[in-house]
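Here's the letter readout for the chains.
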Amino acid sequence: MTSLQDYLNQKSTNTAVNEVILTIAEVGKTINHLLQRGAFADILGEAGNQNVQGEEQKKLDVIANDLLLEALTDCNHCAGVASEELDDATPANSEGDLLVLFDPLDGSSNIDINMAVGTIFSILPYQRQGQTATNADFLQKGDAQLAAGYLLYGPATMLAVSTGDGVAMFGYDPQQQEYLLIKDGVRIDEDTKEYAINGSNYRHWQQPMQQYVDEVIAGKSGVRGKDFNTRWVAAMVGDVHRILCRGGVFMYPFDSKDPNKAGKLRLMYEANPMSLLIEQAGGSSTTATQRIMDIEPNDIHQRVPVILGSKNEVEYIEQLHKNALKA
Ligand code: AHG
Ligand code: MN
Ligand code: MN
């Protein structure tokens, strides 16, 4: 069995990146342990305050954030960290050559119902050694990521990671307290019959997205000529994990519910890291009109529409959007 450490040593020559990934994986063990204890670890329920995005924080959002913040600011290679739960970036070791962004706890609405949640991370280069990292240093395109990944706390805890050369999946064995390689070179089928979207937003979507969902619901009797199946974990980590395992398409598209939000998901610590994994596994990731990892960010918390997964299905959805522009 190959451990995460052995895998990284063989795969990536960037020892700083490897160390940051191992640091996050260590924190993942603690979060896993807290989730296993659940109510008995006093991690359920509300924290009683709001984050910068105006979302109610859960206790575990705050706990996971603090654990990651502490571990990463302690890590010599890390020049700064940015989190969904913190208004601004936190500078760390100014001699470090890496920046780390994270969603400490993805799928917060699942915590109190004992369903899958996750942690998402993105690692970027830092070029201003010796100077204090600021928000502006983080505003790099997804293509600049040196590595990205997630921890999925489901029935078993798993870690998926890419250092820009394919995707590997590890399982956490609580007996050995180790992450062990389960699959390297993960590939996503180009075609699928499975889609994930929160259909309750239908009336807020643009016409091409409504058309797409109408078509897949029509199934065999419609233009697609085949039946589709819906899945929605309500934690992006869970949906992306399913797609890496058996294909599919995940969408949190543009909607007009809140004019200040171009979709729900955040570019820098949700969409970009997941896009790296999806593309490295042969899938596609887009806003519907632009490749996600091409976006020039202007805010560490900016939101972006996301459509990702099986290549041909994502391209089909992009085509519907192109057709609508021509019409
Ligand atoms: P977070 O818990 O970090 O705020 O992210 C939740 C996101 C994403 O993980 C998930 O796909 C989506 O919100 C769920 O949205 P709905 O509440 O609309 O189902
Ligand atoms: Mn999230
Ligand atoms: Mn979160």
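## Describing the overall build of the chain
Reasoning step 1: The helix and strand tally for the chain stands at eight helices and 15 strands.
Reasoning step 2: Over its C-alpha atoms the chain spans a radius of gyration of 19 Å, differing by no more than 12% from the 20 Å that the globule rule assigns to 327 residues.
Reasoning step 3: Viewed in the frame of its principal axes, the chain has a C-alpha envelope of about 55 × 40 × 40 Å.
Reasoning step 4: Per-residue burial over the chain gives 56% buried out of 327 residues.
Reasoning step 5: A separation threshold of at least 6 residues defines the contact pool for the chain, and within that pool the share at least 24 residues apart is 64%.
Reasoning step 6: Counting 26 positive and 44 negative side-chain charges, the chain places the averaged centre of each group 8 Å from the other.

## A word on the domain arrangement of the chain
Reasoning step 1: The domain architecture assigned to the chain consists of domain 1 (4–184) and domain 2 (194–326).
Reasoning step 2: Counting residues at the interface gives 48 residues for domain 1 and 32 residues for domain 2.
Reasoning step 3: Taking both sides of the interface into account, the surface hidden between domain 1 and domain 2 amounts to around 2,900 Å²; carbon and sulfur atoms contribute 63%.
Reasoning step 4: For the domain 1 face of the interface with domain 2, the top three residues by lost area are Leu139, Lys141 and Tyr150, together amounting to 19%.
Reasoning step 5: There are four salt bridges connecting domain 1 and domain 2.
Reasoning step 6: Glu84 is paired through a salt bridge with Arg266; the nearest N and O atoms lie 3.2 Å apart.

## Digging into unusual backbone geometry
Reasoning step 1: Positive phi, normally seen in glycine, also occurs at Asn114, with a value near 60°.
Reasoning step 2: With respect to the element layout, Asn114 can be found in the loop between strand E5 (98–106) and strand E6 (117–125).
Reasoning step 3: The class for Asn114 is exposed, based on a relative accessible area of 68%.
Reasoning step 4: Phi angles above zero are rare outside glycine, and Gln177 is one such case at about 50°.

## Brief notes about the sheet that holds strand E13 (residues 249–252)
Whenever strands of a sheet pair, they do so through backbone hydrogen bonds, lying parallel or antiparallel.
Reasoning step 1: Strand order in the open sheet made by the five strands is E12-E11-E13-E15-E14, with mixed pairing throughout. Strands at the two margins of the open sheet, each flanked by one partner only, are strand E12 (229–230) and strand E14 (284–286).
Reasoning step 2: The strands touched by helix H6 (residues 236–246) are strand E11 (194–196), E13 and strand E15 (306–309); relative to E15, the strand with the most contacts, the crossing angle is about 30°.
Reasoning step 3: Of the strands in this sheet, E14 and E15 are in contact with helix H7 (residues 267–280), which crosses E15 at around 25°.

## Structural notes on the coordination of the manganese ion (ligand 3)
Reasoning step 1: Bound to the manganese ion (ligand 3) on the protein side are Glu84 (OE), Asp103 (OD) and Leu105 (O), at distances that span 2.1 to 2.2 Å.
Reasoning step 2: In this structure the manganese ion (ligand 2) is found 3.7 Å away from the manganese ion (ligand 3), and Asp103 serves as a bridging donor for the pair.
Reasoning step 3: Assessed through its relative accessible area of 0%, Asp103 is described here as buried.

## Regarding the coordination of the manganese ion (ligand 2)
Where a metal carries four tetrahedral donors, each ideal angle is 109.5 degrees; where it carries six octahedral donors, the ideal angles are 90 or 180 degrees.
Reasoning step 1: Coordination of the manganese ion (ligand 2) by the protein involves Asp103 (OD), Asp106 (OD) and Glu270 (OE), with metal-donor separations of 1.9 to 2.1 Å.
Reasoning step 2: All donors of the manganese ion (ligand 2) come from a single chain, and their spacing in sequence reads D-x2-D-x163-E.

## Focus on the site of ligand 1
Reasoning step 1: Neighbouring residues of ligand 1: 17 residues in total, closest Asp106, Ser108, Asn198, Met236 and Tyr252.
Reasoning step 2: Contact distances for ligand 1 include 3.0 Å between an oxygen atom and a side-chain N or O atom of Asp103.
Reasoning step 3: The protein chains hide 87% of the 480 Å² of surface that ligand 1 would expose on its own.
Reasoning step 4: Breaking the shell around ligand 1 down by element, the ones donating at least two residues are E5 and E13.
Reasoning step 5: Considering each element in turn, the shell around ligand 1 owes the most residues, three residues, to E5.
Reasoning step 6: Each residue belonging to the shell around ligand 1 can be placed in one class, and the counts come to eight nonpolar, three polar and six charged.
Reasoning step 7: Counting only domains with at least three residues in the shell around ligand 1, you end up with domain 1 (4–184) and domain 2 (194–326).

## Considerations on H6
Since there are 3.6 residues in each turn of an α-helix, residues three or four apart along the chain are aligned in direction.
Reasoning step 1: Burial within H6 is extensive, with nine of its 11 residues counted as buried.
Reasoning step 2: Residue Gly247 follows H6 closely and has a positive phi angle near 80°.

Cut-offs and rules
- Residues numbered from 1 in each chain as written.
- Chains lettered and ligands numbered in written order.
- Predicted model: local features only at pLDDT ≥ 70, side-chain atom pairs only at ≥ 80, totals over all residues.
- Heavy atoms only, no water.
- Helix = DSSP H or I, 4+ residues; strand = E, 2+ residues; numbered from the N terminus.
- Rg over C-alpha atoms; globule rule 2.2 N^0.38 Å.
- Buried < 20%, exposed > 50% of the residue type's maximum accessible area, 1.4 Å probe, protein only.
- Contact = heavy atoms within 4.5 Å.
- Lys, Arg positive; Asp, Glu negative; His and termini not counted.
- Charge placed at Lys NZ, Arg CZ, Asp CG, Glu CD.
- Domains from an automatic or database assignment.
- Buried area = accessible area lost by both parts, 1.4 Å probe.
- Salt bridge = Lys/Arg side-chain N within 4 Å of Asp/Glu carboxyl O.
- Pairing = 2+ DSSP bridges.
- Axes fitted to C-alpha atoms, helices over the stretch in contact; angles between N-to-C directions.
- Donors = N, O, S within 2.8 Å, 3.2 Å for Na, K, Ca; no water.
- Near = heavy atom within 4 Å.
- Polar contact = N/O pair within 3.5 Å; in protein donor to acceptor, adjacent residues only side chain to side chain.
- Areas by Shrake-Rupley, 256 points an atom, 1.4 Å probe, with all protein chains shown as cover.
- Nonpolar A, V, L, I, M, F, W, Y, C, P; charged D, E, K, R; others polar.

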